[in-house]
Amino acid sequence: MEGEIKDVIKYWVEGEISNFVEVWLSVYVSLCYCYLAGKIVQKGMPRFLAFLPIICLFIYLPLKLHTLHLGVTTAFFVAWLSNFKLLMFAFHRGPLSDPSLSFPRFIALACLPIRIRQKPPPEETPQNGHPENTPPQKEWPKKKSHRSVVSYATKGVLLASMIKLYDYSDQINPLIIWILYCFHMYFALEIILAIVATMARVSLGAELEPTFNEPLFSSSLQDFWGRRWNLMVTRILRPSVYEPVHKLAEKLLGRELASVPAVLGTFVVSALMHELIFYYMGRARPTGKLTGFFLLHGVCMVVEVAAKKALKSRWRLPRFLSTALVVVFVMVTGLWLFLPEMLRNNADVRALKEYAAIGAFVRDVGRALAFVPSGNATSA
């Protein structure tokens, strides 16, 4: 195992880090071009054609990375979020279409999973990823910063504890390990996005919207996917997929049924993008299980919304029971269709090796610094 860790460290230092820097320099230069093209080229098809080579490049760039954390994170940021933002910008929609954006903010918004918080105008229509014809729900309260720090610190400690617990995985029931993997994925994703958002907030000097909103407290699938889980994706998919499909379906099917193809279309696009991200992860041919996971959730969400309309708030489950049902449903379907695809790419083994390699590298650097003679000792 020690030899494998040394091999991972050698690969990171000699190859992956340089590839990572090369990829992100390419992203930066490409977005500089997009910023200038957005000022010069007319919106619509001309701007789309101007952006098309960059969109293709962004799909290719993650293939240059092979480690789990750098590769998957870059794929999510660039191949998915950046490309969708550029597609919307081509038609003067989305966060990049704001003409007042400075160059640094444009670059940050284009390549990072962030969104600058805007002061809502009076009687603003909710834009939370929910179908327009469903009963509105209260927006989450703004959390105090110290509560966020405590929350992230707690999740960081839990994540570190789980990583240590994996050393004894041969003595633990495999089902429990799989459940731990689900929480591991959630905690790691939220912490990574929070770190990126914090760095962006400090650099830009702007207040950013949250990326997660305690998904373990979701009261429904609609609440989970629209208001709590990975909100950056929700804010991208709503204007790029849900709203256009809803507008078209409203003309063909009427307002009452328009949300059905809009919701299903959004989940289909999300499924395809997850299949792409998982391909970057292991370069393995998709099996369709991920698509099945998202289609199942899309269908169940349509049924849930229809049930809410039929009952018209006359009857509701107690909050603790509805939350438990949502968590169990997401967990069971994830263990059935989502997690096996991740483990098929040996994500768990690779992640643990990378954690161990990073820990060993930091430890070796610390030891080397400890033996560096001080200035006084050198002069003596």
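A quick note: this is a predicted structure, and the numbers were derived from the prediction, not measured. (Residues numbered from 1 in each chain as written. Predicted model: local features only at pLDDT ≥ 70, side-chain atom pairs only at ≥ 80, totals over all residues. Heavy atoms only, no water.)

Caption draft 1: Fine view of the UniProt feature "transmembrane region" (unreviewed entry) in the protein. What UniProt calls "transmembrane region" (unreviewed entry) maps, in this numbering, to residues 20–38, 45–63, 69–91, 175–197, 257–281 and 319–339. Secondary structure across residues 20–38 comprises 100% helix and 0% strand; the distance between its end C-alpha atoms is 27 Å. Split by type, residues 45–63 is 84% helix and 0% strand. Its first and last C-alpha atoms lie 28 Å apart. (UniProt positions renumbered as here; feature names shortened; annotations may be inferred. Helix = DSSP H or I, 4+ residues; strand = E, 2+ residues; numbered from the N terminus.)

Caption draft 2: Geometry of the packing of aromatic side chains. Counted under the stated rule, the structure contains 24 aromatic pairs. Seen from their ring centres, F224 and W225 are 4.9 Å apart, and the 90° between their planes marks the pair as edge-to-face. Given the relative accessible area of 7%, F224 is considered buried. Look at F293 and F294: their rings are 5.0 Å apart centre to centre, the planes differ by 90°, and that puts the pair in the edge-to-face class. For F293, a relative accessible area of 5% puts it in the buried group. Through pairs of rings, three or more aromatic residues link up here, namely F183, Y186, F187, F212, F224, W225, W229, F267, F278, F293, F294 and F338. Directly above the aromatic system of F89 lies the positively charged group of R47, at a separation of 4.8 Å from the ring centroid. (Phe/Tyr/Trp six-rings, centres within 6.5 Å; stacked < 30°, edge-to-face > 60°. Buried < 20%, exposed > 50% of the residue type's maximum accessible area, 1.4 Å probe, protein only. Lys NZ or Arg CZ within 6 Å of the ring centre and 35° of its normal.)

Caption draft 3: Examining the packing of helix 9 (residues 255–282) against helix 10 (residues 289–311) more closely. Close contact between helix 9 and helix 10 brings their axes to 8 Å; oriented N to C, the two are set at 160°. Considering the angle they form, helix 9 stands roughly antiparallel to helix 10. You can see that helix 9 and helix 10 cross each other, and the crossing is right-handed. Together, E256, S259, V260, V263, L264, F267, V268, S270, A271, H274, E275 and F278 of helix 9 and K289, L290, T291, F294, L295, H297, G298, V299, M301, V302 and K309 of helix 10 make up the contact between the two elements. Grouping the constituent residues of the contact of helix 9 with helix 10 by class yields 13 nonpolar, 6 polar and 4 charged. (Axes fitted to C-alpha atoms, helices over the stretch in contact; angles between N-to-C directions. Parallel < 35°, antiparallel > 145°, perpendicular 65-115°, else oblique. Left-handed = near helix turned anticlockwise from the far one by under 90°. Contact = heavy atoms within 4.5 Å. Nonpolar A, V, L, I, M, F, W, Y, C, P; charged D, E, K, R; others polar.)

Caption draft 4: Summary view of the environment of V29. Take V29: it is sitting in helix 1 (residues 2–40). With 78 residues separating them along the chain, V29 and I107 place their C-alpha atoms 9.8 Å apart.

Caption draft 5: Representation of a nonpolar patch on the surface. Together, L311, W315, L317, F320, L321 and L325 make up an exposed nonpolar region whose accessible area comes to about 610 Å². The element best represented in the nonpolar patch is helix 11 (residues 319–344), accounting for 3 residues. Residue L311 is classed as partly exposed on the basis of its relative accessible area, which comes to 33%. (Patch = residues over 30% accessible without salt bridge, like charges linked within 9 Å, V, L, I, M, F, W, Y side chains within 5 Å. Areas by Shrake-Rupley, 256 points an atom, 1.4 Å probe, with all protein chains shown as cover. Salt bridge = Lys/Arg side-chain N within 4 Å of Asp/Glu carboxyl O.)

Caption draft 6: Looking closely at the confidence of the model for the protein. Averaged over every residue, the pLDDT of the protein is 85; the share at 70 or more is 84%. Looking over the protein, one finds the lowest element-wise mean pLDDT in helix 13 (residues 375–379), namely 50, and the highest in helix 2 (residues 45–60), namely 97. Under a pLDDT of 50 for its full length, residues 123–144 has, in the predicted model, 49 contacts with residues more than four places off or in other chains. (pLDDT = per-residue confidence, 0-100.)

Caption draft 7: Just the nonpolar core, in detail. One finds V27, F51, W80 and I114 to be the most contacted residues of the largest nonpolar core, which totals 96 residues. Examining the composition of this core, we find that 14 residues originate from one element, helix 3 (residues 68–90), more than from any other. Not counting the four nearest positions on each side in its chain, W80 is found in contact with A75, V233, L237, S270, M273, H274 and I277. (Core = buried A, V, L, I, M, F, W, Y, C linked by side-chain atoms within 4.5 Å.)

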